[in-house]
Amino acid sequence: MARPNTKAYQKTDRMTLQINSFDEYKEVYKRSVEDPEGFWAEQASSFTWKKKWDKVLDWNFKEPNVKWFVGGQMNITENCLDRHLEERGDQVAILFEPNDPDAPNKTYTYKELHAEVGKTANALKANGIGKGDRVCFYMPMVPELAIGVLACARIGAIHSVVFAGFSAQALADRIKDATCKAVICSDYNARGAKNIPVKKVVDDALAMGCDSIETVLVHQNTGGEVQMETGRDKWWHEEVDGQPTDCPAEPMDSEDMLFILYTSGSTGKPKGVVHTCGGYMVYTAYSFQNVFQYKPGDIYWCTADIGWITGHSYIVYGPLLSGATTVMFEGVPTYPDAGRFWQVCEKLKVNQFYTAPTAIRALMAQGDEYVEQYDLSSLSVLGSVGEPINEEAWEWYHEKIGKKNCPIVDTWWQTETGGIMIGGLGSHSPMKPAHAGYPLPGIQPCLLDADGNELEGNGIEGLLCIKYPWPSILRTTYGDHERCRQTYFSAFPDKYFTGDGARRDKDGMYRIIGRVDDVINVSGHRMGTAEVENAINEHPMVVESAVVGYPHDIKGQGIYAYIITAGPVEDEEAFRKEVLAVVTKEIGPIAKPDKIQVVSGLPKTRSGKIMRRILRKVASGDTSNLGDTSTLLNPEVVDEIKNNALV
Ligand code: 6R9
């Protein structure tokens, strides 16, 4: 093997990437689409590379095959940690706010975080974990989760974080799909007033035949009792504490895998979206600094969970790459009461605050008194992510939280896009309620009609696609490249299809309408209808089921399930509870249907396809015009479904 060119390519003025006005945005955007390679090479040059790339971009959307910074070598943790040590080694990197509001904050400076990551990386190595191995995380929002993820990246192991609300079954599916070598978990999860067993779920998952797992590393969080299997299960503190703090960063090819993150689609089981090192690094840092207009010394808080992409890109990587102070919150928005977010904003003097519409709607419903008692004057930028934000929630966020002084950046993006694609740049972009706005530099969205024709001009609506690669686009779906091609690149030639519908208004601003496929967005979490149906069908009484989304005041969308049972249901309430239990067991509580209607049949076309359009209309309470049902195989069920609808 040829020795890598070890002459480091360094430039450390990392805060120079920011755009400072809307005019500048327009100029930068123009350049970014006229010369994408030159533009991204320039952005990439502000990072530490072990070896500079030979070629900026190699791509086609047919296979697809996308490679950024080809031939370059780097390690993302050197960029998150080492390169900040000189200038801001004593600045807080992670500011941890525990679940218990009376417990002290825990902080890690860049120096301390660097040392902890080094120790943890050495502990992973001592346990036989190395470059290319997959490591699953199943943990609450504690600093050790971020430390563990970075420790993997340090040694080139691929992390696969599974949200700790998923069931043992869902965890087992993900461990098996990625053939993980180790699981890192906590003993318990302190969430609001609850103490949720975490290690127990891992034990249950591993009992489902996760043969690839050699080690379970258990972080002691609450100190509650757990069972440890000799040889396999080890305590985090015993493995990590005695390790040397120094761990050399593994040289990674730009296109080596950084992580896998499972997400739901319209068909089949969740797929493992794969992101690679170089492009993801450049894009998450660039988008973080521009969207949030982060300035040195600011306190930035994203309330997401690291189990989702938002946590990966905008709690861990984007902020740390930018030398920011990033808040990690263990708790929930309503504990000890609905003022917790605002109490923490006051206490920590948060400058940029990034949350989801579902949280805003839930807190808005609790009344303004929870907001009014806190001083929110430190806030400068408010962010929204995960689902469309309705105008009422937008106005409340703007007025009550931002006191009409803070821009709202409504950020549209996906697990697959790795980073924010459409959204405002702090106060520099014009904003409109419920509109994500303009594409970030380097992002080339387009709207297509159903035949794949690109719709030109403004004041139009269509299917949202992206026609040119950006550095953090997904590279594949783990272990199944064909599925990646099929899902994202086959609907329209040479385009990445997002699955969302959008409108471009008269000013060229994008408004995301929502999914056009069978994906339901519940409280900002993606659920595939097929996935939920498969879970429901596990109930022995269920013959067939169909699940659709319907408008829900707080969650954005709720889950409405139509179920055909084998024989009559004696006790509907008992049956409902059993179905919820099955779904909780198969996926997790987030996938529980809000409404369950037992039906004698499902409306089907003559080719046997469920007419979801009809089911969606009924679920939304709109039975006025169900369209032509005469071509159905079984038109008679429509009346029955309509008459017994739960609205
Ligand atoms: C980051 C994230 C992606 C789906 C996406 C879209 C919806 C996300 C949105 C939004 C309207 C926004 N979505 N942000 N819809 N406005 N600002 O949420 O990733 O979990 O993969 O979900 O969420 O439908 O396609 P992910």
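Residues numbered from 1 in each chain as written. Predicted model: local features only at pLDDT ≥ 70, side-chain atom pairs only at ≥ 80, totals over all residues. Heavy atoms only, no water.

**Student:** What should I look at first to understand the site of the ligand in this one?
**Tutor:** Close contacts around the ligand come from 17 residues, with Asp410, Thr411, Thr415, Asp500 and Arg526 the closest. At 3.4 Å from a nitrogen atom of the ligand is found a main-chain nitrogen or oxygen belonging to Pro388. Against a free-state accessible area of 530 Å², the protein chains account for coverage of 96% of the ligand. Listing elements by their share of the shell around the ligand, those giving two or more residues are helix 11 (309-321), strand 20 (408-411) and strand 25 (510-515). Its residues placed into classes, the shell around the ligand shows six nonpolar, six polar and five charged. (Near = heavy atom within 4 Å. Polar contact = N/O pair within 3.5 Å; in protein donor to acceptor, adjacent residues only side chain to side chain. Areas by Shrake-Rupley, 256 points an atom, 1.4 Å probe, with all protein chains shown as cover. Helix = DSSP H or I, 4+ residues; strand = E, 2+ residues; numbered from the N terminus. Nonpolar A, V, L, I, M, F, W, Y, C, P; charged D, E, K, R; others polar.)

**Student:** Would you mind showing me how to read the packing of aromatic side chains here?
**Tutor:** Centre distance and the angle of the planes are the two values used to describe a pair of aromatic rings. Taken as a whole and judged by the stated rule, the model has 43 aromatic pairs. An angle of 90° between the planes, with centres 5.7 Å apart, marks the rings of Phe39 and Tyr286 as edge-to-face. Taken together, the positions of Phe39 in helix 2 (residues 36-44) and Tyr286 in helix 10 (residues 277-291) put the pair 247 residues apart, joining distant regions of the chain. Between the aromatic rings of Trp301 and Phe341, the centroid separation amounts to 5.3 Å while the plane-to-plane angle is 80°, which identifies the pairing as edge-to-face. Linking Trp301 in strand 16 (residues 299-302) with Phe341 in helix 12 (residues 340-348), this pair joins segments that are 40 residues apart in sequence. (Phe/Tyr/Trp six-rings, centres within 6.5 Å; stacked < 30°, edge-to-face > 60°.)

**Student:** What exactly am I supposed to notice about the packing of helix 5 (residues 110-126) against helix 6 (residues 143-155) here?
**Tutor:** Packed helices, taken two at a time, are described by the angle between their axes plus the distance between the axes. In the contact formed by helix 5 and helix 6, the axes pass within 8 Å of each other and the chain directions differ by 65°. In this view, helix 5 runs roughly perpendicular relative to helix 6, as classed from their interaxial angle. Relative to helix 6, the crossing made by helix 5 is right-handed. Residue-level inspection shows Leu113, His114, Glu116, Val117, Thr120, Ala121, Leu124 and Lys125 of helix 5 in contact with helix 6, the latter providing Ile147, Gly148, Leu150, Ala151, Cys152, Arg154 and Ile155. (Axes fitted to C-alpha atoms, helices over the stretch in contact; angles between N-to-C directions. Parallel < 35°, antiparallel > 145°, perpendicular 65-115°, else oblique. Left-handed = near helix turned anticlockwise from the far one by under 90°. Contact = heavy atoms within 4.5 Å.)

**Student:** Got a minute to help me understand the UniProt feature "domain: AMP-dependent synthetase/ligase" (unreviewed entry) in the protein in this structure?
**Tutor:** What UniProt calls "domain: AMP-dependent synthetase/ligase" (unreviewed entry) maps, in this numbering, to residues 82-469. Secondary structure over residues 82-469 splits into 30% helix and 23% strand, and the C-alpha atoms at its two ends are 29 Å apart. (UniProt positions renumbered as here; feature names shortened; annotations may be inferred.)

**Student:** I keep staring at the sheet that holds strand 15 (residues 271-276) and nothing clicks. Help me out?
**Tutor:** Pairing between sheet strands relies on hydrogen bonds along the backbone, with the strands arranged either parallel or antiparallel. The strand order across the open sheet built from eight strands is 12-11-8-6-7-14-15-23, with neighbouring strands paired in mixed fashion. Two strands close off the open sheet at either side, each with one partner strand: strand 12 (233-235) and strand 23 (476-477). Here five bridges tie strand 8 (residues 182-186) to strand 11 (residues 215-219), and the two strands are oriented parallel to one another. In the sheet register, Val183 faces strand 11, and the bridge partner there is Val216. Across the sheet, helix 8 (residues 199-206) is in contact with strand 6 (134-138), strand 8, strand 11 and strand 12; its angle to strand 8 comes to roughly 155°. (Pairing = 2+ DSSP bridges.)

**Student:** Help me out: how do you make sense of the pattern of salt bridges in this one?
**Tutor:** Side-chain pairs of opposite charge can arise whenever the charged atoms involved come near each other. According to the stated counting rule, one finds 44 salt bridges in the structure shown. The closest approach of N and O atoms between Glu144 and Lys106, which form a salt bridge, is 3.9 Å. Of this pair, Glu144 sits in helix 6 while Lys106 sits in strand 5 (residues 106-109), and the two are 38 residues apart along the sequence. Assessed through its relative accessible area of 10%, Glu144 is described here as buried. The class for Lys106 is partly exposed, based on a relative accessible area of 39%. For Lys400, the salt bridge identified is with Asp368, shortest N-O distance 3.3 Å. Here Lys400, found in helix 15 (residues 391-401), pairs with Asp368, found in the loop between helix 13 (357-364) and helix 14 (369-372); they are 32 residues apart in sequence, far enough to count as distant. Its relative accessible area of 23% is what places Asp368 among the partly exposed residues. Through salt bridges that share partners, Lys199, Asp203, Glu229, Arg232 and Asp233 make up one connected network. (Salt bridge = Lys/Arg side-chain N within 4 Å of Asp/Glu carboxyl O. Buried < 20%, exposed > 50% of the residue type's maximum accessible area, 1.4 Å probe, protein only.)

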